[in-house]
Amino acid sequence: MHGLMMDTPLLISSIAEHAANFHGDREIVSVTMDNPRHRYTVGDAVPRARQLAGALDKLGLERGDRIATIAWNDYRHLEIYYGVSGAGYVCHTINPRLFPEQLVFIINHAEDRYICTDLMFVPLLEKLLPQIPNVEGFVIMTDAAHMPDTSLPNAVCYETMIAGESTDYDWPQFDERTASALCYTSGTTGDPKGVLYDHRSTVLHAYAAVAPDVMNLSSCDVVLPVVPLFHVNAWGIPYSTFMTGAKLVMPGPKMGDGEALYELIKSENVNLALGVPTVWLALLQYCEQSGQVLQSLERTVIGGAAVPRAMIEQFRKVHDVQTIQGWGMTEMSPLGTANTPKAGQESFTEDQRFDLATKAGRGIYGCELRIVDDEGQVLPWDGVAYGALQVRGPWICSDYYKLEGAAGTHTEDGWFDTGDVATIDPQGYMAITDRTKDVIKSGGEWISSIELENTAMGHPAVAEAAVIGVAHPKWTERPLLVIVAAEGQDIGKQELLDFFKGKVADWWIPNDVAFVDELPHTATGKIKKIELRRQFADYALPE
Ligand code: AMP
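What you are looking at is a predicted structure, and each value in this text was computed from that prediction instead of being measured.

Visitor: Hey, could you run me through the domain arrangement of the protein in this one?
Guide: It is common to give the size of an interface as the accessible area lost on bringing the parts into contact. Taken domain by domain, the protein holds domain 1 (12–201 + 228–236), domain 2 (367–435) and domain 3 (440–535). Using C-alpha coordinates to define each centre, domain 1 is positioned 40 Å away from domain 3.

So this is what it looks like as structure tokens:
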């Protein structure tokens, strides 16, 4: 027997309409290429998204066609999120930091019909043009006054395109499983793989994200996503802020600029900021050098890579900011865990709290977790056993776009193999020890590169650290610590290695330290271990 509840579809357009009805006066502030501080409200944004939807309908597109974006975080990009998906097309966000050949692959693989681009990326697209012949036209995200002279075919100005359209657009109603957005994983090996989100997964993920034990979002919050709209929907922030009525502050092209981020936080009263650890390094460094404190900021959600304990401590001790570590993947929309406290931890010492905060977090309702050994046997949640981390849930991908099972990432019983290695403790807190491919195997035992990196980052002379396994005649592999020294700091190898004593098992201590000017990063800011292993392939460890 079915229940007697309405079967209204969970559509992204319904979030926009909810926001317009209940939070129309909430501000959206953006730094854009043509305006250092653009300011308007949700009540302005939603009608413009409707105008865009009307304009797109006139282009002769079919439902499900891909419209790409190559753009920073700002209000026009946000309108495109709602306008494209709401009208039934697929919003394909592209990471502009990818290599040109990856961009060409992605645009062609997705069969993008139009590309919406920031002014800044027009020259890049002009160069790629001969290799992306299927793109029919380009929408330049600016106003008529800033429209560039361009060789891009059918280039239209965003403001001109939407200007004549009615704000009374009726959003189409369709199956909630309709595809809404597409994002390619940057992938350190092989071709990028497309993750295709749908309306249902997006709405459910937003419901989960706003919960008190996840991001605890409400209409009283002022949110700064330094996570890009071009990668995994900025962790769902465009949806969760509209669902709750939180004020949005978007940094545009200023994402890596510590001073600009500080100014935005201060002047807009930001109390929640989200980003990957690298971004916060720049902000914390600026604050330290200029003697500034982040007065309004209450919490940061940090994920995408392991969060060093030193960063969590600095946020708490200097700025009185709570760090909520999150873990997830492009394939997971992205949220899988969030590290928030539980009942029973009231008596924890500060040290215990910091220890706990370095873990990736506990499972969010809607994302099941399990760890398995090499034979696929499920391992216990004892905080010690580690194995391949697998997940299952309504916002986890069931396959990649146009790959039809070829990626081999899903188990026969319907779980997604994340490629991460993890432990889960009895309280359900999961800790990532490595990517499967990054694990260092010494004498048959695993050494966690992440734990060694976190330990190294605790030394004041270390700006960035990576640990890789290099060949060893006796132990097969031994860890090598590669570091970028902090500005003006001079430190010896032995002093650094001594720093590990008492912090990790003796046999985990790296065999050597290599100093470099910079570490190779992926387009999403993660350390490119593959590249690093290549660089140090012939490295001879000292006897
Ligand atoms: P992406 O799909 O680009 O978002 O990358 C997802 C990957 O980032 C995961 O599979 C992890 O390897 C890594 N990652 C994300 N969050 C964390 C975290 N809190 N700690 C360690 N690694 C993380």
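Moving on from the coordinates now.
Visitor: How should the nonpolar core be read in this particular structure?
Guide: As a rule of thumb, soluble globular proteins bury nonpolar side chains together. Grouped together as the largest cluster of nonpolar side chains are 145 residues, with contacts concentrated most on I28, F242 and W327. In terms of residue count, helix α2 (residues 42–57) provides more of this core than any other element does, eight residues in total. Counting contributing residues per domain, this core is built from domain 1 (12–201 + 228–236) and domain 2 (367–435), each supplying no fewer than three. What I28 contacts, discounting residues up to four positions off in sequence, is H38, R39, Y40, T41, V42, A45, Y75, L78, F242, L248 and M250. Formed by 19 residues, the second largest nonpolar core is a distinct cluster that contains I447, M457, V462 and W508.

Visitor: Looking at this structure, how should I read the site of the ligand?
Guide: Near the ligand, the surroundings consist of 14 residues, among which Q325, G326, T330, D420 and R435 are the closest. Here an oxygen atom of the ligand and a side-chain polar atom of H231 are 3.2 Å apart. A distance of 2.9 Å separates a nitrogen atom of the ligand from a polar side-chain atom of Q325. Of all the secondary structure elements, the ones that give two or more residues to the shell around the ligand are β14 (322–328) and β20 (429–435). When residues of the shell around the ligand are assigned to their parent elements, the largest contribution, four residues, is made by β14.

Visitor: Sorry, what's going on with the packing of aromatic side chains here?
Guide: The description of an aromatic ring pair rests on the distance of the ring centres and on the angle between the ring planes. Summed over all chains, the structure comprises twelve aromatic pairs. For the ring pair Y82 and F242, a centre distance of 4.9 Å and an interplane angle of 20 degrees mean the geometry is stacked. Separated by 160 residues along the polypeptide, Y82 in helix α3 (residues 75–86) and F242 in helix α9 (residues 237–244) bring together distant segments of the chain. Here Y82 matches F242 in class, with each residue buried. Ring plane angle 80 degrees and centroid distance 5.3 Å describe the contact between Y169 and W171, whose orientation is recorded as edge-to-face. By relative accessible area, W171 is classed as buried at 11%. Among the aromatic residues, those joined into a ring-pair cluster are Y81, Y82, Y239 and F242. Here K193 stacks its cationic end above the ring of Y400, 5.2 Å away from the centre of that ring. Here the basic side chain of K503 rests over the ring of F499, its NZ or CZ set 3.8 Å away from the ring centre.

Visitor: Any chance you could explain the pattern of salt bridges here in plain terms?
Guide: Pairing between side chains of opposite charge can happen when their charged atoms approach one another. The tally for this structure, following the rule as stated, stands at 33 salt bridges. For E17, the salt bridge goes to R50, with nearest N and O atoms at 3.0 Å. In this pair, E17 sits in helix α1 (residues 12–23) while R50 sits in helix α2, placing the two residues 33 residues apart along the sequence. Residue class for R50 comes out buried when judged on its relative accessible area of 13%. Between R37 and E268 there is a salt bridge whose closest N-O contact spans 2.8 Å.

Visitor: What's the story with the pairing of β14 in this structure? I'm lost.
Guide: The two faces of a sheet get side chains in turn, since along a regular strand they alternate between them. Of all the seven residues making up β14, five are buried; the element is thus mostly covered by neighbouring parts of the structure. Where strand β13 (residues 299–302) and β14 come together, four bridges link them in parallel fashion. Of the residues in β14, the one forming a bridge with T300 is T323. Of the crossover connections in this fold, the one passing from β13 over helix α12 (residues 309–319) to the parallel β14 is right-handed. In terms of strand pairing, β14 meets strand β15 (residues 335–338) through three bridges, oriented antiparallel. Its bridge partner lying in β15, G328 is registered against L335. Once β14 ends, the chain turns through six residues before running back antiparallel as β15, passing S333 with a positive phi of about 75 degrees.

Visitor: Honestly, helix α7 (residues 199–210) in this entry has me stumped. Any pointers?
Guide: Note: α-helices contain 3.6 residues per turn, so residues at a spacing of three or four share the same orientation. Here α7 spans 17 Å end to end across twelve residues, near enough to the 16 Å set by a 1.5 Å rise per residue. Buried residues dominate α7, accounting for nine of its twelve residues. All of the buried residues in α7 are H199, S201, T202, V203, H205, A206, A208, A209 and V210. Between the side-chain oxygen at the start of α7 and the backbone nitrogen of R200 there is a gap of 3.2 Å, and the oxygen is on D198.

What counts and how
Residues numbered from 1 in each chain as written. Predicted model: local features only at pLDDT ≥ 70, side-chain atom pairs only at ≥ 80, totals over all residues. Heavy atoms only, no water. Domains from an automatic or database assignment. Core = buried A, V, L, I, M, F, W, Y, C linked by side-chain atoms within 4.5 Å. Buried < 20%, exposed > 50% of the residue type's maximum accessible area, 1.4 Å probe, protein only. Helix = DSSP H or I, 4+ residues; strand = E, 2+ residues; numbered from the N terminus. Contact = heavy atoms within 4.5 Å. Near = heavy atom within 4 Å. Polar contact = N/O pair within 3.5 Å; in protein donor to acceptor, adjacent residues only side chain to side chain. Phe/Tyr/Trp six-rings, centres within 6.5 Å; stacked < 30°, edge-to-face > 60°. Lys NZ or Arg CZ within 6 Å of the ring centre and 35° of its normal. Salt bridge = Lys/Arg side-chain N within 4 Å of Asp/Glu carboxyl O. Pairing = 2+ DSSP bridges. Right-handed = clockwise from strand over helix to strand, strands pointing away. Expected span 1.5 Å × (residues − 1).

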